[in-house]
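Spelled out from the first residue to the last, the chains are:
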Amino acid sequence: MESTRAPHERPETLTEGRQGQQSGARPTSPLAVPPSFGADEQVESVVSPKGRFRIHFSRVGLNAVPAGDADGSGVPDAVEVVGHAYERVADFYGSLGFVLPGSDAAVEDNGGDGLFDVYLVDFAGVADGAFRLDDCETESGLRCVGHMLQENDFAGYSYPSYETAVDILASHEFFHAVQSAYRTGMGGVVTEGTAVWASERFDASLDDLEHFSASYLSRTDSSLVQDPTGPAASFSYGASLFFQYLGERVGDGALLRLWEESVTSPQARWPVLMDGLLRRDWSLDFDAAFTEFSTWNLSTGARANASQGYARGGGYDGLKPSAKTLPYQEEGVRLTTASARYYEVPGGSERVWARYTPRDVANSSQQHLLVAAVTDTAVLRVTRVDGPGTLSANVTASDASRVIIAVVDGRHEGTGRYGTLCLTGETSGAPCVEVTPEPEPEVPETPDDDDDSGCAAAPGALGWAALVLVGLGRRRRP
């Protein structure tokens, strides 16, 4: 299975119906949008071991599954692997307390019965799977059902084995079905981020979260609470790190309750729901959690230390701070909601100082400054100060090879804010110029435009409330 690896995403044709076609049609329908079965293909189906899933496949043609049948059951082994994987995934999510998708018996084209349908079709290297929404109980997108499309053979993909590929796809995509059993329209960051978290939670040996960590850690200046625009979803997948942090910090209940609360408060944005949950049940709030999350991110990659952050942070990509030399001053540092800007300067000084002066002091709450002395393999010490007002912190750096400075904005809503960052060392020369704060005119917050992120679906028959989950899916991994 040799190929390059890239973020998962569904092709546009999975969500945008063409003339004479229906975006929600099953792949066995002549009206189906590709990938779909050909008119000359004989489509068979089998029921999974516990009777919850129906797997649809063909033995001959473009969408043919691998023919091997080592156990002589008459059903290709590849199909049996899929059935067993979905059953294990359903059992696991049920054990965490999540509601599983309901019956699709009321859907006109339902695959023959009320079981959850998985169609094994050829994505031709463009993607590896997609969850498609069929119907919802309410027009606002509550309690929905759908079906799954999955790559038929993974030939040419970079997964280490067919079984691993199926486990990753089943755990990720079926969690989209679980999400839809609660509510649709929550946005790409929370839907893709929690799906990657769920896959990691199902089996920590699967590497999706590790693989996508770079998509967040290289772009921490993007807002975690604003869905990025563009055709791909890498940042949204990388946002799984935040949900991994929450799971490790306060437990699986935070993620379960988030989806439960999304039904009782169907108009609320996910960060507002999470803020309320953290305040009520864990004596935290979104600002405190996001700032601690930004501190945990220092201990990733070669600097990972389970006592300072993630249990498996060594498998994540490290941060990519902006390298500077001392002294350094930058005016117009922009902080968007739920974001962090990391800088890196050489260590070796007795002490390194950092000062962040907001332009609008009156509007500077929920801003934070981190100064960390590090080596190539460890975070030695971290100093943190919290706003409002001018933030000033220092750290002993004589034993550090580098010092990482982070300016953090922990708000979950609001407009962009600006300030001036000053970095100095005791042997680095002249100090920074004093800055007189000035009120900053408000500029409406807009999602970051990222050609490598975003997972929105075009509105269809189910309306805008269900647009995100109409065709949630994954591009083939590099």
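Residues numbered from 1 in each chain as written. Predicted model: local features only at pLDDT ≥ 70, side-chain atom pairs only at ≥ 80, totals over all residues. Heavy atoms only, no water.

What to know about the overall build of the protein
In plain terms, the rule: In this description a helix means any DSSP run of H or I spanning at least four residues, a strand means any run of E spanning at least two, and both kinds are numbered starting from the N terminus. Working definition: with a 1.4 Å probe on protein chains only, accessible area under 20% of the residue-type maximum means buried, over 50% means exposed, and in between means partly exposed. We call two residues in contact whenever any of their non-hydrogen atoms come within 4.5 Å of each other. Working definition of accessibility: Shrake-Rupley area with a 1.4 Å probe, residue cover restricted to the visible protein chains.
Across its full length, the protein holds nine helices and 15 strands. Counting across all 478 residues of the protein, residues that qualify as buried make up 56%. When contacts within the protein are restricted to residue pairs at least 6 apart in sequence, those whose partners lie at least 24 apart make up 72%. Summed over its atoms, the accessible surface of the protein is roughly 17,900 Å², and 49% of this surface lies on carbon and sulfur atoms.

Focus on the packing of aromatic side chains
Here the distance between the centres and the angle between the planes together describe a pair of aromatic rings. Put simply, the rule reads: Whether two aromatic rings pair depends on their centres lying within 6.5 Å, for rings of Phe, Tyr and Trp, where Trp uses its six-membered ring; planes under 30 degrees apart make the pair stacked, over 60 edge-to-face, and the rest tilted.
Across all of its chains, the model carries 32 aromatic pairs by this definition. Ring centres 5.6 Å apart and planes at 75 degrees place the aromatic pair Phe242 and Phe243 in the edge-to-face group. Among the residues examined, Phe243 registers a relative accessible area of 0% and is labelled buried. Here the aromatic residues Tyr216, Phe235, Phe242, Phe243, Tyr245, Trp270, Phe286, Phe290, Phe293, Trp296, Tyr310 and Tyr316 are joined through ring pairs into a cluster of three or more.

Quick notes on the packing of helix H4 (residues 208-217) against helix H6 (residues 240-250)
Threshold: For helices, the axis comes from a line fit to the C-alpha atoms of the stretch in contact; other axes are also lines fit to C-alpha atoms, and the angle between any two N-to-C directions lies between 0 and 180 degrees. Convention used here: angles under 35 degrees read as roughly parallel, angles over 145 as roughly antiparallel, angles from 65 to 115 as roughly perpendicular, and any remaining angle as oblique.
One way to put it is that H4 packs onto H6 with a least axis distance of 8 Å and a crossing angle of 115 degrees. Here H4 is positioned roughly perpendicular relative to H6, judged by the angle of their axes. Where H4 approaches H6, its residues Leu209, Ser213, Tyr216 and Leu217 are matched on the opposing element by Ser240, Leu241 and Gln244.

Topic: the state of the cysteines
Disulfide: a covalent bond formed between the sulfur atoms of two cysteine residues. Note the cut-off: Put simply, a disulfide is two cysteine sulfurs that come within 2.5 Å.
Evaluation of the coordinates by the stated rule reveals one disulfide. Two residues, Cys136 and Cys144, share a disulfide whose sulfurs are 2.0 Å apart. Between Cys136 and Cys144, the disulfide has an S-S torsion of 105 degrees and is therefore right-handed. You'll find Cys136 and Cys144 in the same group, each marked buried.

Considering the side chain of Arg411
Put simply, the test is: As used in this structure description, the phrase polar contact means that two N or O atoms lie within 3.5 Å; if the pair is within protein, one of them must be able to donate a hydrogen and the other to accept it, and residues adjacent in sequence are counted only when both atoms belong to side chains.
Counting through the fold element by element, Arg411 comes out in the loop between strand S13 (402-409) and strand S14 (417-425). Here Arg411 falls in the buried class, since its relative accessible area comes to 7%. Among the polar contacts listed, one links the side chain of Arg411 to the backbone oxygen of Thr415, at a separation of 2.7 Å.

Some thoughts on the sheet that holds strand S11 (residues 379-386)
Either a parallel or an antiparallel arrangement is found when strands of a sheet pair, and the pairing is made through backbone hydrogen bonds. Test applied: Strands were regarded as paired on the criterion that DSSP finds at least two bridges between them.
Pairing is mixed in the open sheet, where five strands are placed in the order S6-S8-S13-S10-S11. At either end of the open sheet lies a strand with only one pairing partner, and these are strand S6 (322-323) and S11. The pairing of strand S10 (residues 367-374) with S13 spans eight bridges and is antiparallel. Residue pairing in the sheet places Leu369 in a bridge with Val407 of S13.

Points about unusual backbone geometry
Between Pro34 and the following residue, Pro35, the backbone shows a cis peptide bond with an omega angle of 5 degrees. Its place among the elements puts Pro35 in the segment before strand S1 (43-47). Omega for the bond connecting Gly387 with Pro388 falls within 30 degrees of zero, at 15 degrees, which places this linkage in the cis form. The topology assignment puts Pro388 in the loop between S11 and strand S12 (391-396). Residue Ala338 is not a glycine yet carries a positive backbone phi of 45 degrees. Considering the arrangement of structural elements, one finds Ala338 in the loop between strand S7 (328-335) and strand S8 (339-346). One non-glycine residue with positive phi stands out, namely Gln366, at about 60 degrees. Mapped onto the elements of the fold, Gln366 is located in the loop between strand S9 (351-358) and S10.

Overview of the pattern of salt bridges
Between side chains of opposite charge, a pair can form as their charged atoms come close. Quick note on the threshold: Each salt bridge in this description consists of a side-chain nitrogen of Lys or Arg and a carboxyl oxygen of Asp or Glu lying within 4 Å of one another.
Evaluated as defined, the whole model comprises 27 salt bridges. Note that Asp91 and Lys50 form a salt bridge whose closest N and O atoms lie 2.5 Å from each other. With Asp91 in helix H1 (residues 77-95) and Lys50 in the loop between S1 and strand S2 (53-58), this residue pair connects regions lying 41 residues apart in the sequence. A relative accessible area of 32% means that Asp91 is categorised as partly exposed. Accessibility expressed as a relative area gives 53% for Lys50, which makes it exposed.

Details of the sheet that holds S14
Taken together, the four strands give an open sheet; going across it, the order is S7-S14-S9-S12, and neighbouring strands pair in antiparallel fashion. A strand with exactly one partner marks an edge of an open sheet, and here the two such strands are S7 and S12. When strand polarity is set aside, the average angle formed by the axes of neighbouring strands in this sheet is 20 degrees. By the bridge criterion, six bridges tie S7 to S14 in an arrangement that is antiparallel. Within S14, the position partnered with Tyr328 by the bridge is Leu423.

Structural notes on helix H3 (residues 188-202)
Short version of the rule: The span one expects for a helix is its residue count, reduced by one, times 1.5 Å.
Relative to the 21 Å expected for 15 residues at 1.5 Å per residue, H3 spans 21 Å between its end C-alpha atoms, a close match to the ideal helical length. Where burial is concerned, most of H3 is hidden: 14 out of the 15 residues are buried.

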